[in-house]
Amino acid sequence: AQTVTQSQPEMSVQEAETVTLSCTYDTSENNYYLFWYKQPPSRQMILVIRQEAYKQQNATENRFSVNFQKAAKSFSLKISDSQLGDTAMYFCAFMKHVGNTPLVFGKGTRLSVIA
Amino acid sequence: DTAVSQTPKYLVTQMGNDKSIKCEQNLGHDTMYWYKQDSKKFLKIMFSYNNKELIINETVPNRFSPKSPDKAHLNLHINSLELGDSAVYFCASSQDLGSRNEKLFFGSGTQLSVL
């Protein structure tokens, strides 16, 4: 079974600074997807960024980028120029490429952006 | 135009009651899911349906019964509600389980409080 570990329950960052959220996972699969989802106080689950394991290039979406280290099974999220609206729970998630398996989530990191 | 909509947003009820949560997606997706988010924010898959057929049923009590009248709808019925059922329930959908463009779209959640 796949597991996803987020070792930082809470983090804080000053506005405009950069912060990195950690995520490691365990799988015997070679092809899979990795995701970061954001859950603000509104409760809505918002997809931040997505990485396909067969792609070596790290995914980027505006101020959000990942550091995907397949051999180390690590998938960290970097948020640059942090904004107050980035305050949220962030969930790392794993999905196998084939087979009837849904997203497996980590336990989340609560990020607070401080003015 | 809400992509994945679930109702109600809040549900407060007494122990022993039976309640339903409805979910509809207008994205034309083949697969729908129910996730449960507990008080510690941990998200765990409950069920998934692909084209109205149940494909994943995690270790969920029989009191929980999903119903998919068509591939755009996946409702969750809960019998004999217990205190431990209090949580936020998220509906989600994706294009095709295991497709190369895989990602989940989530509803806004239903916060269930059992008194």
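Residues numbered from 1 in each chain as written. Chains lettered and ligands numbered in written order. Predicted model: local features only at pLDDT ≥ 70, side-chain atom pairs only at ≥ 80, totals over all residues. Heavy atoms only, no water.

Trainee: Looking at this structure, how should I read the overall build of chain A?
Mentor: A tally of regular secondary structure across chain A gives zero helices and 12 strands. By the compact-globule yardstick of 13 Å for 115 residues, chain A fits well, its C-alpha radius of gyration being 14 Å. Dimensions of chain A, computed from the C-alpha atoms along their principal axes, are close to 45 × 25 × 20 Å. Counting only residues that meet the buried cut, chain A has 51% of its 115 residues in that class. Considering only intrachain contacts with a sequence separation of at least 6, the fraction spanning at least 24 residues in chain A is 55%. (Helix = DSSP H or I, 4+ residues; strand = E, 2+ residues; numbered from the N terminus. Rg over C-alpha atoms; globule rule 2.2 N^0.38 Å. Buried < 20%, exposed > 50% of the residue type's maximum accessible area, 1.4 Å probe, protein only. Contact = heavy atoms within 4.5 Å.)

Trainee: Can you help me understand the packing of aromatic side chains in this one?
Mentor: Here a ring pair, both rings aromatic, is described through the centre-centre distance and the interplanar angle of the planes. Evaluated as defined, the whole model comprises 16 aromatic pairs over all chains. Seen from their ring centres, Tyr35 of chain B and Phe106 of chain B are 5.8 Å apart, and the 55° between their planes marks the pair as tilted. Of the two residues, Tyr35 of chain B sits in strand E4 (residues 31-37) while Phe106 of chain B sits in strand E10 (residues 105-106), which places them 71 residues apart along the sequence. Comparing Tyr35 of chain B with Phe106 of chain B shows no difference in burial state: the two are buried. Ring geometry for Phe64 of chain B against Tyr89 of chain B: centres 6.3 Å apart, planes inclined by 35°, an arrangement best described as tilted. One end of the pair, Phe64 of chain B, is in strand E7 (residues 64-67); the other, Tyr89 of chain B, is in strand E9 (residues 87-94), and 25 residues separate them in sequence. Over the ring of Tyr10 of chain B we find Arg43 of chain A; its NZ or CZ atom is 5.2 Å from the centre of that ring. If you follow Lys107 of chain A out to its NZ or CZ, it ends over the ring of Phe42 of chain B, 5.9 Å from the centre. (Phe/Tyr/Trp six-rings, centres within 6.5 Å; stacked < 30°, edge-to-face > 60°. Lys NZ or Arg CZ within 6 Å of the ring centre and 35° of its normal.)

Trainee: It is not clear to me how the layout of surface pockets should be interpreted in this structure. Could you clarify?
Mentor: Summary: where empty space remains is shown by rolling a probe the size of a single water molecule over the atoms. Residues and elements named next belong to chain B. The computed volume of the second largest pocket comes to approximately 210 Å³. Forming the walls of the second largest pocket are 14 residues, and the residues nearest its centre are Lys36, Lys44, Met46, Thr59 and Val60. Looking at the lining of the second largest pocket element by element, the count peaks at three residues for strand E5 (residues 43-50). Classifying every residue of the lining of the second largest pocket gives seven nonpolar, one polar and six charged. (1 Å grid on protein atoms, 1.4 Å probe; cavity = no way out; pocket = protein on both sides within 12 Å on 5 of 7 lines; lining within 4 Å. Points joined across faces, edges and corners; volume = space filled by probe spheres on them. Nonpolar A, V, L, I, M, F, W, Y, C, P; charged D, E, K, R; others polar.)

Trainee: I would appreciate a short explanation of the sheet that holds strand E3 (residues 19-25) of chain B in the present structure.
Mentor: Consider a sheet: its strands pair through backbone hydrogen bonds, and that pairing is either parallel or antiparallel. All names here are of chain B. One open sheet accounts for four strands, arranged E1-E3-E8-E7; its pairing is antiparallel. Edge strands, defined here as strands with exactly one partner in the open sheet, are strand E1 (4-7) and E7. Between one strand axis and the next, the sheet turns by 15° as a mean value, whatever way the strands run. Summarising the sheet, E3 and strand E8 (residues 75-78) pair through three bridges and their orientation is antiparallel. Pairing of Lys19 across the sheet is with Ile78, part of E8. (Pairing = 2+ DSSP bridges. Axes fitted to C-alpha atoms, helices over the stretch in contact; angles between N-to-C directions.)

Trainee: Is there a simple way to explain the pattern of salt bridges in this structure?
Mentor: Should their charged atoms come close, side chains of opposite charge can pair. Residues and elements named next belong to chain A. Applying the stated criterion across every chain yields a total of eight salt bridges over all chains. Lys96 is paired through a salt bridge with Glu29; the nearest N and O atoms lie 3.7 Å apart. In this pair, Lys96 sits in strand E10 (residues 88-96) while Glu29 sits in the loop between strand E4 (24-26) and strand E5 (32-39), placing the two residues 67 residues apart along the sequence. The class of Lys96 is buried, set by a relative accessible area of 19%. Here the residues in one salt-bridge network are Arg50, Glu52 and Lys55, joined through shared partners. (Salt bridge = Lys/Arg side-chain N within 4 Å of Asp/Glu carboxyl O.)

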